[in-house]
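Observations on chain architecture
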Amino acid sequence: MGNIILDRGYVGSSMVEKLYLGNELLYQRLEMYPKSEAPNGVYILTTDDYCVTRKDYVESGKVGMGIAIIQSNLRLVTAYELIREVTWNPLDAKHEGLGYYATWQDAITVTAAQGKEMNAILNNSAIFNTGVNAKAKEYSKGTLLSGLWYVPAASQLYNITISNWAEVREISKLFGLTLTTGSYMLWTIIQQSSGSAWAVNMRYNPEYFSNHELTSYNKKQTTGGSPVLALLPVADL
């Protein structure tokens, strides 16, 4: 048997303790990183801008305000709760400045930057101040205040759901919130036509999620039959 070794080190300003038996890692305490230094993974973003893993969150004593997803060049914060039964826009309103994306193949090409610009255009239009964009803009958690959150593009929702949804849902359970129950359609910021917009189909069990499963709904709808239409606000990390 090897010696038992306790190794203390810092990641940025955060201490990480590791206990070894010889070369075998037995235990690591508090996997926590300043958000700018966190490696690829899914974390709880805290109010003092640390990324903490789910297993270490309670012990960290910190306060979470969102779920951080870091994956290659993706750096995104998603809310850990849904805003349910919300319309894309309750008025008979269209906005040709956003463009129309007639098929899901067109809609999936919208980038995160283009989606943010669509949010900004709607937020600056008085007729859209009651739409899904306004609900996202009004959202606030911790130090991520209102005005920082927005409605995601379909491509961002795919990054959240395809590779990371299981862990996102597990983190949501820590907060006793609603990403873990039922099936729902998540609104995107993307219009299909003057009267409809695209939503991503998400279910409680991620194995039922189909890649490119976008559905268009009337902008005034709050349910799509059985699934409710919901908003999952996101922000930049």
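Residues numbered from 1 in each chain as written. Predicted model: local features only at pLDDT ≥ 70, side-chain atom pairs only at ≥ 80, totals over all residues. Heavy atoms only, no water.

1. Some points on the sheet that holds strand β12 (residues 214–218)
The sheet built from five strands is open, its strands ordered β9-β13-β10-β11-β12 with mixed pairing. Bordering the open sheet on either side are β9 (83–84) and β12, each of which pairs with just one other strand. One ladder, built from five bridges, connects strand β11 (residues 196–202) with β12; its direction is antiparallel. Each bridged residue has a counterpart across the sheet, and for Val200 the counterpart in β12 is Leu214. (Pairing = 2+ DSSP bridges. Helix = DSSP H or I, 4+ residues; strand = E, 2+ residues; numbered from the N terminus.)

2. Re unusual backbone geometry
The phi angle at Asp49 is positive, at roughly 65°, despite the residue not being glycine. Note that Asp49 resides in the loop between β5 (41–46) and β6 (50–52). The partly exposed category is assigned to Asp49, whose relative accessible area is 32%. Its identity is not glycine, yet Glu85 carries a phi of approximately 50°, on the positive side. By the element assignment, Glu85 lies in the loop between β9 and α2 (104–107). (Buried < 20%, exposed > 50% of the residue type's maximum accessible area, 1.4 Å probe, protein only.)

3. Details of the side chain of Thr46
Here Thr46 is to be found in strand β5. Among the residues examined, Thr46 registers a relative accessible area of 0% and is labelled buried. Within the structure, the side chain of Thr46 is placed 2.5 Å from the side chain of Asp48, a separation counted as a polar contact. Setting aside chain neighbours within four positions, we find Thr46 in contact with Val52, Lys62, Val63, Gly64 and Met65. (Polar contact = N/O pair within 3.5 Å; in protein donor to acceptor, adjacent residues only side chain to side chain. Contact = heavy atoms within 4.5 Å.)

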